[in-house]
Amino acid sequence: MQRRALVAGNWKMNGSRDSNAHLIHDILLEVRKYPDVDVLVCPPAIYIESVGRQLDGSPVQLGGQNLSEQEKQGAYTGELHGSMLRDVGCSYVIVGHSERRAFYGETDAVVAAKFRAAQSCGLTPILCVGETLQERESGQTEAVLARQIKSVLDACGIAAFKQAVVAYEPVWAIGTGRTATPDQAQDAHAFIRGQLAGADARISNSLRILYGGSVKADNAESLFNCPDVDGGLIGGASLKSGEFMAICAAAQSRSK
Ligand code: PEP
C-alpha cells in the first residue's frame, strides 16, 4: 500500500530565535520541491509559537517534543498540556523518545498515557520505540519492540493507531553516527507492523513507521526505499537545512 512519506525534524534542546529563523528561512526556500512528502519540525517548546508564525501559509507542519500525561490542565509546574501545543499550532507530538525514557524515567505506562493524552487533544502522537545495543546484542530486539508496542495497544486500543505514527529508533543509532542497515531497519519495521496486524491488518497497513537514528543525506535513500520504512525522524541532521532538505528529497524520490 502507498503510504505518504513523513520527514520529521526533532530539534531537541537546540537553537535560538536567530538560528531558528535562519533554519526555517532556508527550509522554506526548498520545501515546495517535495510535494509528496509531509515535512514536520519539532522545535523546543518555547520556540514553537515563533517558528509557527514563520511557517504560516507553508506546507511545513509543527510538532512538540513532549507533553504531559495529565488529562486536565492544572497544578503541574513546568509541564505542558497537549491542548497548549494545539493552541500554538502543533499537529504532532513525539512521545516515548529514548532520551525521555532514559534521562527522565518515562516508563511504558507513562508513554502510553502521553500517547492517549496527545490524541485526546487532537494531536497525532509519534510513538518512539527501539532497543539498546545491549538488548540487540542479547537477541532481545523483538521482545523489546513487542513490549513497547503492546503497552500502548493495551492502554489505547488498535483504533488509536489510525491517527498515530510509530518511529523505530534503535537507541544505539541515535546521535552516534551509527545507522541501522536497511535490512536491520526493514526487519524491525516489518516486525512492528506485524505486531499491529495481529490486532487489525488494515490499520497496521496504513500506519506510517519512520526510521530514526543518524539518518543523513547520504544514507536516507537506502533506508527510505525499504518497503516498510515510510520516512524518518531526524535529530542532528534536521538542524542543517542542506542535510534536512536532502533527506526530504530522498523521501520524495523513494521507489514506492
Ligand atoms: C532522534 O533523536 O530522534 C534522532 C534520530 O537523532 P539523530 O538523527 O541525531 O540520531
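Refer to the structure presented above.
Residues numbered from 1 in each chain as written. Predicted model: local features only at pLDDT ≥ 70, side-chain atom pairs only at ≥ 80, totals over all residues. Heavy atoms only, no water.

### Digging into unusual backbone geometry
Within the chain, K12 stands out as a residue other than glycine whose phi angle is a positive 50°. By the element assignment, K12 lies in the loop between strand 1 (5-10) and helix 1 (17-30). The phi torsion at S214 lies on the positive side, around 55°, for a residue other than glycine. Of note, S214 is situated in the loop between strand 7 (208-212) and helix 10 (220-224). (Helix = DSSP H or I, 4+ residues; strand = E, 2+ residues; numbered from the N terminus.)

### Observations regarding the environment of V93
By the element assignment, V93 lies in strand 4 (residues 92-95). Along the backbone, V93 and P182 are 89 residues apart, and their C-alpha atoms lie at a distance of 26 Å. Non-local contacts of V93, meaning those with residues more than four positions away in its chain, are made with G64, Q65, N66, L67, L85, A118, L123, T124, P125 and I126. (Contact = heavy atoms within 4.5 Å.)

### Things to note about the site of the ligand
Not every one of the 14 residues close to the ligand is listed here, only the nearest: K12, H97, E169, G175 and S214. Between an oxygen atom of the ligand and a main-chain N or O atom of G235, the distance comes to 2.8 Å. The contact in question runs from an oxygen atom of the ligand to an N or O atom on the backbone of G236, over 2.8 Å. Here the ligand loses 97% of its free accessible area of 290 Å² to cover by the protein chains. The residue makeup of the shell around the ligand, split by class, is four nonpolar, eight polar and two charged. (Near = heavy atom within 4 Å. Polar contact = N/O pair within 3.5 Å; in protein donor to acceptor, adjacent residues only side chain to side chain. Areas by Shrake-Rupley, 256 points an atom, 1.4 Å probe, with all protein chains shown as cover. Nonpolar A, V, L, I, M, F, W, Y, C, P; charged D, E, K, R; others polar.)

### Details of the packing of helix 1 against helix 2 (residues 48-55)
Packing of helix 1 against helix 2 leaves a shortest axis separation of 10 Å and a crossing angle of 30°. By the angle between their directions, the pair helix 1 and helix 2 is classed as roughly parallel. In the crossing of helix 1 with helix 2, the sense of the turn from one axis to the other is right-handed. For the pair helix 1 and helix 2, the contacting residues are N20, A21, I24, H25 and L28 in the first and V51, Q54 and L55 in the second. Partitioning the contact of helix 1 with helix 2 into residue classes produces five nonpolar, three polar and no charged. (Axes fitted to C-alpha atoms, helices over the stretch in contact; angles between N-to-C directions. Parallel < 35°, antiparallel > 145°, perpendicular 65-115°, else oblique. Left-handed = near helix turned anticlockwise from the far one by under 90°.)

### A few points about the pairing of strand 7
With five of five residues buried, strand 7 lies mostly within the body of the structure. Of the two faces of strand 7, the one carrying R208, L210 and G212 and the one carrying I209 and Y211 are both buried. Summarising the sheet, strand 6 (residues 165-168) and strand 7 pair through four bridges and their orientation is parallel. By the bridge assignment for strand 7, V166 is matched with I209. Sheet topology places strand 7 next to strand 8 (residues 231-234); two bridges connect them, and they run parallel. Within strand 8, the position partnered with G212 by the bridge is L233. (Buried < 20%, exposed > 50% of the residue type's maximum accessible area, 1.4 Å probe, protein only. Pairing = 2+ DSSP bridges.)

### Quick notes on helix 2
Residue pairs spaced three or four apart in an α-helix point in one direction, given the helix's 3.6 residues per turn. Within helix 2 the residues assigned to the buried category are I48, V51, G52 and L55. Take helix 2 and look down its axis: the buried residues cluster within an arc of 105°, on one side only. Tucked inside the fold, the buried residues of helix 2 contact helix 1, strand 2 (37-42), strand 3 (61-64) and helix 3 (82-87). Following helix 2 by one or two positions, G57 adopts a phi angle in the positive range, close to 85°. (Arc of directions from axis to C-beta.)

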